[in-house]
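Take a look at the letters that make up each chain.
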Amino acid sequence: ELERLKAEPIGERELQKVRNRIAADSARALDSNSGLASALTSSQVVIGDWRYLADHPAKIEAIGAEDVTRVAKQYFVPESSVVLELARPAGAAQ
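Rules used in this analysis
Residues numbered from 1 in each chain as written. Predicted model: local features only at pLDDT ≥ 70, side-chain atom pairs only at ≥ 80, totals over all residues. Heavy atoms only, no water. Helix = DSSP H or I, 4+ residues; strand = E, 2+ residues; numbered from the N terminus. Rg over C-alpha atoms; globule rule 2.2 N^0.38 Å. Buried < 20%, exposed > 50% of the residue type's maximum accessible area, 1.4 Å probe, protein only. Contact = heavy atoms within 4.5 Å. Areas by Shrake-Rupley, 256 points an atom, 1.4 Å probe, with all protein chains shown as cover. Lys, Arg positive; Asp, Glu negative; His and termini not counted. Charge placed at Lys NZ, Arg CZ, Asp CG, Glu CD. Salt bridge = Lys/Arg side-chain N within 4 Å of Asp/Glu carboxyl O. Polar contact = N/O pair within 3.5 Å; in protein donor to acceptor, adjacent residues only side chain to side chain. Expected span 1.5 Å × (residues − 1). Arc of directions from axis to C-beta.

(A) Highlighting the overall build of the protein. Secondary structure assignment for the protein yields five helices and zero strands. Its helices and strands in sequence order give the protein the pattern α-α-α-α-α, from N to C terminus. Relative to the compact-globule value of 12 Å for 94 residues, the protein shows a C-alpha radius of gyration of 19 Å, a clear excess of over 25%. Judged by the C-alpha coordinates and their principal axes, the protein covers about 55 × 35 × 25 Å. Within the span of the protein, comprising 94 residues, buried residues form 14% of the whole. Pairs at least 24 residues apart make up 59% of the contacts formed inside the protein by residues separated by at least 6 positions. Total accessible area on the protein stands at roughly 7,700 Å², and carbon and sulfur atoms take up 57% of it. If the 12 positive side-chain charges of the protein are averaged to one point and the 14 negative ones to another, these points end up 3 Å apart.

Structure follows, in structure tokens:
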């Protein structure tokens, strides 16, 4: 799936589904006073500006398929990957 993101642009319908999910999650996070306070605090601490919260929806809508492909090519590279192998200990019940 990651290789596909690097090789071909994501479809507009799939991209819009992701945008909608982010918008819904953001709205739910702001559903209470504590959620709003947490989001404002996070914006201030991580980004350096609490006003980012107001600009976030427009920034998400502005992301295009070419942006996803570009970022996938930049970050989904073997040098950045971590492979984890899980195995049951010898003699462990299945």
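Anyway, onward from the coordinates.
(B) Region of interest: the pattern of salt bridges. Summed over the entire model, instances satisfying the criterion amount to seven salt bridges. Across the pair Arg-4 and Glu-1 runs a salt bridge, and its minimum N-O distance is 2.4 Å. A residue is classified by how much of its surface remains accessible, and Glu-1, at 65% relative accessible area, is exposed. Between Arg-19 and Glu-12 there is a salt bridge, and its shortest N-O distance comes to 2.9 Å. Linked through salt bridges whose partners overlap, the residues forming this network are Glu-1, Arg-4 and Glu-8.

(C) Molecular detail of the side chain of Arg-19. With respect to the element layout, Arg-19 can be found in helix α2 (residues 12-29). For Arg-19, a relative accessible area of 8% corresponds to the buried category. There is a polar contact of 2.8 Å between the side chain of Arg-19 and the side chain of Gln-16. Every residue in contact with Arg-19, bar those within four places of it in the chain, is listed here: Glu-12, Ile-60, Glu-61, Ile-63 and Gly-64.

(D) Spatial organisation of helix α3 (residues 33-47). The end-to-end C-alpha distance of α3 is 21 Å, a good match for the 21 Å that 15 residues give at a rise of 1.5 Å each. Those residues of α3 that sit buried are Gly-35, Ala-39 and Ser-43. Seen along its axis, α3 keeps its buried residues to an arc of 70°; they face one direction. The exposed residues of α3 that point more than 90 degrees off its buried face are Asn-33, Ser-34 and Val-45. In this fold, the buried residues of α3 make contact with α2 and α4 (52-62). Among the residues trailing α3, Gly-48 stands out with phi positive, at a value near 95°.

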